[in-house]
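# Coordinate analysis (summary)
The lines below spell out each chain.
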Amino acid sequence: ILSFARPDVRLIYAGKQGGDHTLVQDEINRILVEEASLGSVVTRLKGGDPLIFGRGGEEALVLKEAGLPFEIVPGVSSAIAVPAYAGISLTQRGYASTLAFVTGHEDPSKDQSAINWQALAGMGTLVFLMGVKNLPSIADNLIRHGKPAHTPAALIRWGTTPRQRTLTAPLGDLARQAETARFSPPAILVVGEVVALRERLNWFETKPLFGKGVVITRPEAQAESFAGLLGELGARVIHFPTIRIVPPASWEGCDAALAGLGNYDWAIFTSANGVRFFFQRLRETGRDIRDLKGVRLAAIGPATASALEGMGLRVDLVPETYLSEGVVQAFSARDIRGARILLPRAQEARDVIPEGLAAQ
């Protein structure tokens, strides 16, 4: 997206593609120094907070040693955000007053761990990032150093997204249940009595549409507000536009109608798209809404009526049923014999309105 909007912006993907992570980080450091030294403004995008297990501090030190200026923009760490979306308060009076964040990436085969398991076992709440792979080792170390096996624990996968999934179990049984459930990364592990609060604080996964995927077939540019409403209800929104709105191959017919706008008694709009294109063309041909003086306006429904009202126009007729049949029914109560009616609409449309009004 950036490449299309800003040709002067180059995107570099620095994700791990297998192999030695140290070599990947060395390459990232080289690019940071090299590009910044050329006078480029370099943005290093990271998930969560750059200084929480994100190597942001290491990269900043590399720039400092090279004599290059830098700024750090804090983010919300997944260690905090994900438990909150799972209904887990990491600290809570009466439950936990101490909290520790731990990397779950440490190699369990190491001769000596850099983690003080004895100290961790005595903490109120523990949050392990990237700990699914080493879950059996983490649980075993905590229990061996004094953390009760019945301590509530939770694994949260794809946290804060509609794909979020939470597994809770006693610490001593969590690894087995995770294997049975085929629980895979990315996930965060929370250990502590605060996990029990999830039964009462689980607000995200209880939304009415949580866990459901909803496909929106409208043009993507027009689906934003609807997608937002679905997202607020917890749905995973899938954009799959089946309609493409484009100008007609020729404006000849439309332009002829615009030239004689004053001869029409009614103009009927059947979509917000029709309103948008009609008034866009009206302006392009050197006209404006003053040319509609004396023309009464009808809209197929409230959304189309709202689009007209946004132009500063008053709508004279909106049917009770927001369908073509409803428009015909609404006009049946009026005497339209001899009336000239303009129907600006899509090329591919039903003939219910023109045939129904012609019959009247």
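For the structure, see preceding data.
Described below are features of the structure shown in this document.

Rules used in this analysis
Here, residues in each chain are numbered from 1, in the same order as that chain's written sequence. Thresholds applied to this predicted model are a pLDDT of at least 70 for local features of residues and 80 or more for the giving and counting of side-chain atom pairs; totals over whole chains, interfaces and linings are not thresholded and use all residues. For side-chain calculations, the full set of non-hydrogen atoms in the structure is used, while hydrogens and water are omitted. We count a stretch as a helix when DSSP gives it H or I for four or more residues in a row; a strand needs E for two or more, and each element gets its number in order from the N terminus. Only protein chains enter the accessibility calculation, which uses a 1.4 Å probe; a residue is then buried when its area is under 20% of its type maximum, exposed when over 50%, and partly exposed in between. In this charge count, Lys and Arg are treated as positive and Asp and Glu as negative; neither His nor the chain ends contribute. What makes a salt bridge here is a side-chain nitrogen of Lys or Arg within 4 Å of a carboxyl oxygen of Asp or Glu, nothing more. Definition of a polar contact: a pair of N or O atoms within 3.5 Å, with one able to donate and the other able to accept a hydrogen when the atoms are protein atoms, and with sequence-neighbouring residues admitted only if both atoms are side-chain atoms. For this analysis, residues touch if any pair of their heavy atoms sits within 4.5 Å. Aromatic pairs are defined between Phe, Tyr and Trp rings, using the six-membered ring for Trp, whenever the two ring centres lie within 6.5 Å; interplanar angles under 30 degrees are classed as stacked, those over 60 as edge-to-face, and all others as tilted. Here, a charge over a ring is recorded when the distance from Lys NZ or Arg CZ to the ring centre is within 6 Å and its angle to the ring normal is within 35 degrees.

Relative to the helices and strands, Arg-157 resides in strand S3 (residues 152-157). Notably, Arg-157 is buried but unbridged: the nearest opposite-charge side chain belongs to Glu-205, and the N-O separation is 12 Å. Looking at Arg-157, its side chain comes within polar contact range of the main-chain oxygen of Ser-184, at 2.6 Å.

Within the secondary structure, Gln-25 is located in helix H2 (residues 21-37). The residues touching Gln-25, leaving out its near neighbours within four places in the chain, are Arg-55 and Glu-59.

This brings us to the packing of aromatic side chains. Tallying each qualifying case throughout the model produces nine aromatic pairs. Plain terms: the ring middles of Tyr-85 and Phe-204 are 4.8 Å apart, the flat faces sit at 70° to each other, and that makes the pair edge-to-face. Separated by 119 residues along the polypeptide, Tyr-85 in helix H4 (residues 78-85) and Phe-204 in the loop between helix H8 (198-201) and strand S6 (213-216) bring together distant segments of the chain. The partly exposed category is assigned to Tyr-85, whose relative accessible area is 28%. Each ring, one from Phe-269 and one from Phe-278, has its centre 5.2 Å from the other, and the planes form 80°; the classification is edge-to-face. We note that Phe-269, like Phe-278, is buried. Within the aromatic cluster, the residues linked to one another by ring pairs are Tyr-85, Trp-203, Phe-204 and Phe-210. Here Arg-163 stacks its cationic end above the ring of Trp-158, 4.4 Å away from the centre of that ring.

Residues Ala-79, Ala-81, Val-82 and Pro-83 constitute the buried set of H4. Among the structural elements, strand S1 (99-103), strand S2 (125-129), S3 and strand S5 (187-191) are those in contact with the buried residues of H4. Looking at where H4 begins, the residue whose side-chain oxygen comes 3.0 Å from the main-chain nitrogen of Ala-79 is Ser-77. In the segment just after H4, Gly-87 is the residue with positive phi, at about 75°.

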